[in-house]
Amino acid sequence: MTSISLRAARFRPVSYLLALVSLAFFGCSRETPSSSGADSLRVGFSQIGAESAWRTANTESIQSEAAARGIDLVFSDAQQKQENQIRALRSFIAQDVDVIVLAPVVETGWEPVLREIQRAGIPVILSDRKVDVSDPSLYATFIGPDSVEEGRKAAQWLVDAAGGEAVIAELQGTPGSAPALARHKGFMEVIADHPGMKVVKSQSGDFTRARGKEVMEAFLKSPEGKDLTALYAHNDDMALGAIQALEEAGVQPGKDILIVSVDAVRGAFEAMVDGKLNATVECTPIIGDYVFDAAEALAAGEPVDKRIVVKGAVYEQDQAASLIDSRPY
Ligand code: AHR
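Before going into details, it helps to say that this report is about the structure given with it.

The rules we used
- Residues numbered from 1 in each chain as written.
- Predicted model: local features only at pLDDT ≥ 70, side-chain atom pairs only at ≥ 80, totals over all residues.
- Heavy atoms only, no water.
- Near = heavy atom within 4 Å.
- Polar contact = N/O pair within 3.5 Å; in protein donor to acceptor, adjacent residues only side chain to side chain.
- Areas by Shrake-Rupley, 256 points an atom, 1.4 Å probe, with all protein chains shown as cover.
- Helix = DSSP H or I, 4+ residues; strand = E, 2+ residues; numbered from the N terminus.
- Nonpolar A, V, L, I, M, F, W, Y, C, P; charged D, E, K, R; others polar.
- Contact = heavy atoms within 4.5 Å.
- Axes fitted to C-alpha atoms, helices over the stretch in contact; angles between N-to-C directions.
- Parallel < 35°, antiparallel > 145°, perpendicular 65-115°, else oblique.
- Left-handed = near helix turned anticlockwise from the far one by under 90°.
- Buried < 20%, exposed > 50% of the residue type's maximum accessible area, 1.4 Å probe, protein only.
- Arc of directions from axis to C-beta.

What to know about the site of the ligand
Taken together, the neighbourhood of the ligand is formed by Glu 51, Ser 52, Trp 54, Arg 55, Asp 128, Arg 129, Pro 179, Arg 183, Phe 207, Asn 235 and Asp 263. Glu 51 is positioned with one of its side-chain polar atoms (N or O) 2.4 Å from an oxygen atom of the ligand. Take Ser 52: an N or O atom from its side chain is 3.0 Å from an oxygen atom of the ligand. The protein chains hide 99% of the 280 Å² of surface that the ligand would expose on its own. Counting only elements with at least two residues in the shell around the ligand, the list comes to helix H2 (53–69) and helix H6 (178–191). Grouping the constituent residues of the shell around the ligand by class yields three nonpolar, two polar and six charged.

A short note on the side chain of Arg 327
In this fold, Arg 327 is placed in the segment after helix H11 (317–323). A distance of 3.2 Å separates polar atoms of two side chains, one belonging to Arg 327 and the other to Glu 282. Not counting residues up to four positions away in its chain, the partners in contact with Arg 327 are Ala 264, Arg 266, Phe 269, Glu 282 and Tyr 315.

Considerations on the packing of helix H7 (residues 209–221) against helix H8 (residues 236–248)
The contact between H7 and H8 brings their axes to 7 Å, and the two run at 45 degrees. When the interaxial angle is binned, H7 and H8 end up oblique. Considering only the axes of H7 and H8, their crossing is right-handed. When H7 is examined against H8, the residues Arg 209, Gly 212, Lys 213, Met 216, Glu 217 and Leu 220 are found in contact with a partner set consisting of Asp 237, Met 238, Leu 240, Gly 241, Ala 242, Gln 244, Ala 245, Leu 246 and Glu 248. Its residues assigned to classes, the contact of H7 with H8 comprises seven nonpolar, three polar and five charged.

Describing helix H9 (residues 266–273)
Among the residues of H9, those classed as buried are Ala 268, Phe 269, Ala 271 and Met 272. Down the axis of H9, the buried side of the element spans an arc of 160 degrees, and every buried residue falls inside it. Looking at the packing, one finds that the buried side of H9 touches H8, strand S11 (279–282), strand S13 (314–316) and H11. Count one or two residues on from H9 and you reach Gly 275, which has phi positive near 80 degrees.

As C-alpha cells, then:
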C-alpha cells in the first residue's frame, strides 16, 4: 500500500506561465489542456499514441472519464516516442499538476524522469503498461492487465484448438514494450510443455495493422511460409493486417491457418463472425474509472493498491455473433 500526501488543488497563475515556457522549450509532443475550473484536480496524462483500435478506445475512456468527473486533464500524445513522453512528463512537473499518469511505450529508461517527478512530490500512476525500475517507490500504482497471463491464455487456446501440433508464426508488439515482452513470455511458457507446438517465425509488427500485414507477407514468402498452420498476434490490429495478407496470398485465415490474438476489439469480433479470426484474449482499454479513482485517492492523501489488475476473458468464433453488438470498444 502506498500513501502520498495531499497536493491541494489551487489556482495557479504561475503554473500556467511555467507551462507556456516549458511548452516553448520542450515543444513537440501534442499536448491538449482541458478547460475545467481552476479548483479542479489537475492530471497530466502521457499517452503512447494511436497505434491501434485498443489505444484509441483507451484514450476515449481516459478523456471521457476525466470530463465526467470535472478533472482538468492535460493530455499528451507521444506518437510512439519515449523521448516525447519524457518531455511531456517534465512539462507536467513544470505545470505543477496534482497527479501524473504514464502509459509507457517501452519498459526501460524511466528512472531519471521518475526521480524528478518524485522530487517534485507528484504521485505517478502507471496505466496499462508497467515499467522496469529498481525502486518501486517511483510510482504509486500500476493499473493494467496481467500480460503474461494473456500470453498463456492465447497459447492454451491454441494448444487445445490445434491438438498440440502447430507450426506457428508470432507477430510481436512494439519491441521493448511491456505487453510484447510479457505476451511472448507467457505464450512460450505454455507451449514449452507441448513439443508439437513450434514457433518458426517471430517478428515485431509494432502493434499496427499496416505492419502486421507487411510482416505476414514476409512470413509467407519465407521458406517456412508454406508450412505455417497457426498465427499468434500480440494484438488484434496486427492479426487483422495479417488476415488481409493471407487472403491476398490465397490462404484462408481461420481455416488453413488458426489465428489467435489479444485485445477483443470490435474489428476482431467482426473477423470472428466472418470466420477469419479464431479467438481473441480480452484486454480492456476501458480503464478510465480505475485510473481516476486512484488519482482522486492519491490527491486526497489516501492509500491505493500498488497493483490493480484488470481482468479479461477469452472469446471464440461461436460467441462472436451474439456478443458483437454489446462490445464496448
Ligand atoms: O498496451 C496494450 C496494447 O497496446 C494493446 O494490446 C495494443 O493493441 C496496444 O497498442
